[in-house]
Every structure is written in structure tokens, then in C-alpha cells.
Amino acid sequence: MKRKEQETRNRAAQPPRVLLPSVVSEKMPMRSGRAPVPLRGAREARDAVTLTRLLRGTITPLRGDEVLALLEPHRPRLVPKPVNPLAAMLGQPQGRLLEALLRPTAPIILDVLLPRLRDHLIDRVVHNKGTAEDGLPGALEVATALRALVALLRGAGRGAVLSVVSAIEADARADADRLVRGEAPVATAEDDPAGVAGGATAGAMDSLAHALLRFEARRLMLETLGATVALRDVVYQSRRLTRHALRRAAEAMDGFGADRGIKALHASLATLASVDGLLVVAMRNLDDQEEHREEANAFVEPADRKAMNDCLSAAWRLSDTLFDLVGKAANGGDLDELLFEALLRQLRSLHQFCTDLDHAGRPAVLDTLERRLAERSRALAGIAGERLVGILLARPADPAKARRLLARGQSLAQLLYDMGQDGDELEALALRLVVARDALNHAAT
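Explanation requested: the pattern of salt bridges in the structure shown.
Between side chains of opposite charge, a pair can form as their charged atoms come close. Inspection of every chain in the model, using the stated rule, returns 34 salt bridges. A salt bridge links lysine 328 to aspartate 324; the nearest nitrogen and oxygen atoms lie 3.8 Å apart. Pair noted here: lysine 328 and aspartate 324 are both in helix 12 (residues 303–330), with a separation of four residues, about one helical turn. By relative accessible area, which is 30% here, aspartate 324 ends up partly exposed.

Structure, rendered in C-alpha cells:
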């Protein structure tokens, strides 16, 4: 008998079997393969918005029944089912009716709704989660409901608001630090198709512009929650990121003027190809200059204004470089056709940037640069047309060079059209292109 009891104890005391690495890799799910975590608190967010609307209206016994029915699915098991206290309070002031209704429902709001609203807002604003669920209220609407419920409870549950504010502030600071250092953002392919938020790569400016739009969402959220201190810090981080984006654009444009190599050309092309992103950055900078007017003097220039002026100066210098190269090519110089088209795309993007930047604080130099781009493009069209005619009339004839100049003239005509310069210069160039095409076709036959 004792021997059987000893054997039983020995079997119970055996250590658990340790899984070998091969077993773990085959049978246990990997972290990277897990299904995405769904958005938390979606139902609570919808019900909280409805609850806020009910409590904002006229309080009646029927309204009390609606509130209790709305909160019943969220009631914890240990909380007794509340009874509508308004049936015996007919004729009482609205304030007393509201207090009486909040008394039995406050535990549900404090213990269930407010924490779930906190998690819901952090998921949407900080973790950037979305959902395909229909009827889900907007994040600002949920934040308004959260703040209203805390106010109705006279400050009880304010910890939920502070948690959301702290999470947004910390996320904004970390986001700005990462982007200014040029590190790749921790995001999905949908959030950042380029995959790189710093550096002069394709989509880099669009990524920075997307990050600035997220800062706008944070600012609206903090304004809705009434977090003035955190709002000032997020505004500072947004201004810092805007200045960084303008400096990166200026560096890319100045790099091609100084180097004129393929790598510098790629950086400049990538920056101006994202002209919509550059416009977002510039608009945010001009808004910052209006919102935070800083006095300038002979020794110190406000940082926001300096970043914009440096970027526009780099754009001016880049236009000089582009017109120099394009002018030589339009006059018959040797230049790769793909490179010629790339230079024209940059001129087109520069002109689009100048024309589309519509802001009350628009710098006057943009108007000057816009006129200069149009004037020099028209002059280039005249040079290209005259050079094309000269090549056709030269003896001995050079059909290959004439066809090359014809193609470049067509590209210049398209540039003028895209710039809205459909005047005499474009008509004269178009006429010469038609004559040149007919002459080359006739010579070929």
C-alpha cells in the first residue's frame, strides 16, 4: 500500500516536458503570423455618443428608460440592475432629474464606458487602427462624448481623458523624433507606401506630408479634449517636422545644382515628383507663420520663415540649373532623351508648386518665380523652333539631329501647354513643328 502511494507521488512530481525548438516552431503560432487585433470599444463608442445626446436633451421618465436600456448591455454582473428613479419625480427641475438619473448609472459609465472609450481613442488616434463597421462615429465625436460624460460626472473618470492625452502626446513626440532623424516609420504598407520617411527617395515628401496630416488629427483631438498643455507640445513637434521637411526639400534641390550627377538628379526628381506633398508641407509652414507670429530683426530670422525662404531660394537656384541644361539641349546639344524629359518634369513641377500654393501668407517671391519660369520657357520654345528650322535648312542635311530636335520641340510645346502659356510662342513653335515633321516625312519617302 505504501509502495503504491510512493509511486503515485513520484508520478505527480514529474517535471513538465520541455518543448524542443523544432516543436515550438512547428506547433506554436508565430507572433508575426497572428491576426490583427481588432479595434477596441467600437460598441461602447457608438453607445456613448448616443448616451451623450440623450443626457443633453430634456430629461423625462421616458428618456430615463431609454438611458437604462442603452446601458444595460454594459452593466457588470456584480452591479445591481438600476431602477428608473424619475417616475416619482414629476415636476422636478431638470438639474435634479439629471442628478437622479446619473446616480444609478454612474458606476456603469465610470467602470465600463469611460475605460473602453479611452482604449478606442488610443487605438484610432495613436495606433491608427480602422474598421469597416458601419455606423461607427468619428474619433472627434467620440472624444466629445468622452469629455461630456466626464463633465456630467463632475470630473469623475478624468483619468481616462488624461490617458488619451498622454498617449497622443508621447506618440507625437516619438513620431517627430523618428522622422527628423530620418528613420523608417513603424507603419504598414498602407500607411506609408514608400517605406521611408526621411531621405530623398520616391515618396519621401509624401510620407512627411502624411505625417503632418496625422499631426493635424492629433491637434484636433487635443483641442476637443481641452488639453491645452499637450496641445502646445504637439504644435511644437508639428512645426519642427515641417521645418525638417522643407530643409530636406532644399537639400535635394541644391544637391542637383551642385553635383548634377545621377544620384543628385534622382533626389531632386523624387522631391518635385511629390509636389502635392510639398504643397502640404508649405501650407502647414505658412499656417504656422500666421499662428505664431515672431518678430524678426537684423540678427535673428524666425525659424519657420527661414525654412520657407531657404526652400524657395533652393527652388530658384534649381530653376537656373534646369534652364541651363534644357537650353543647351534645345539648341542641339548632346543630352540623353530620358534625362531631357526628367529636366522638363522638374520645371513643370516647380511651376505647379508656384501656382497651386494659394495662401494668404504666400511669399511674393513665388509670384516672381512663377513669371520667371513661364518667361524662360517661352524663350526656350523660340530657341528650339529657330534651331530646328536651321537644322532643316543646313547642307548637308542631318535628319537624325533634326528628328531629335523635333522630339525635344514637341516636349517643350507640351511644357508650355501645361504651364498655361498658349500664346504666340506656343503657336509659332507648333507651326514650325508641323513644317519640320512634314519635311522629314517627305525626305524619308
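Looking at this model, I keep getting lost on unusual backbone geometry. Mind explaining?
Only a minority of non-glycine residues have a phi that is not negative, and only a minority of peptide bonds are not trans. Between arginine 395 and the following residue, proline 396, the backbone shows a cis peptide bond with an omega angle of 5°. With respect to the helices and strands, the residue proline 396 is situated in the loop between helix 14 (364–393) and helix 15 (399–418). With a phi close to 60°, asparagine 128 is a non-glycine residue in the positive phi region. Among the secondary structure elements, asparagine 128 is positioned in the loop between helix 5 (94–126) and helix 6 (139–152). Classification of asparagine 128 by relative accessible area gives partly exposed; the value is 32%. Look at arginine 154: it is not a glycine, yet its phi comes out positive at around 60°.

Mind showing me how you'd approach a negative patch on the surface here?
Together, Asp206, Asp276, Asp356 and Asp358 make up a region of like negative charge exposed at the surface. Summarising the element assignment, aspartate 356 is placed in helix 13 (residues 337–356). For aspartate 356, a relative accessible area of 40% puts it in the partly exposed group.

Cut-off values and rules
- Residues numbered from 1 in each chain as written.
- Predicted model: local features only at pLDDT ≥ 70, side-chain atom pairs only at ≥ 80, totals over all residues.
- Heavy atoms only, no water.
- Salt bridge = Lys/Arg side-chain N within 4 Å of Asp/Glu carboxyl O.
- Helix = DSSP H or I, 4+ residues; strand = E, 2+ residues; numbered from the N terminus.
- Buried < 20%, exposed > 50% of the residue type's maximum accessible area, 1.4 Å probe, protein only.
- Patch = residues over 30% accessible without salt bridge, like charges linked within 9 Å, V, L, I, M, F, W, Y side chains within 5 Å.
- Areas by Shrake-Rupley, 256 points an atom, 1.4 Å probe, with all protein chains shown as cover.
- Lys, Arg positive; Asp, Glu negative; His and termini not counted.
- Charge placed at Lys NZ, Arg CZ, Asp CG, Glu CD.

Coordinates in, geometry out; function isn't part of it.
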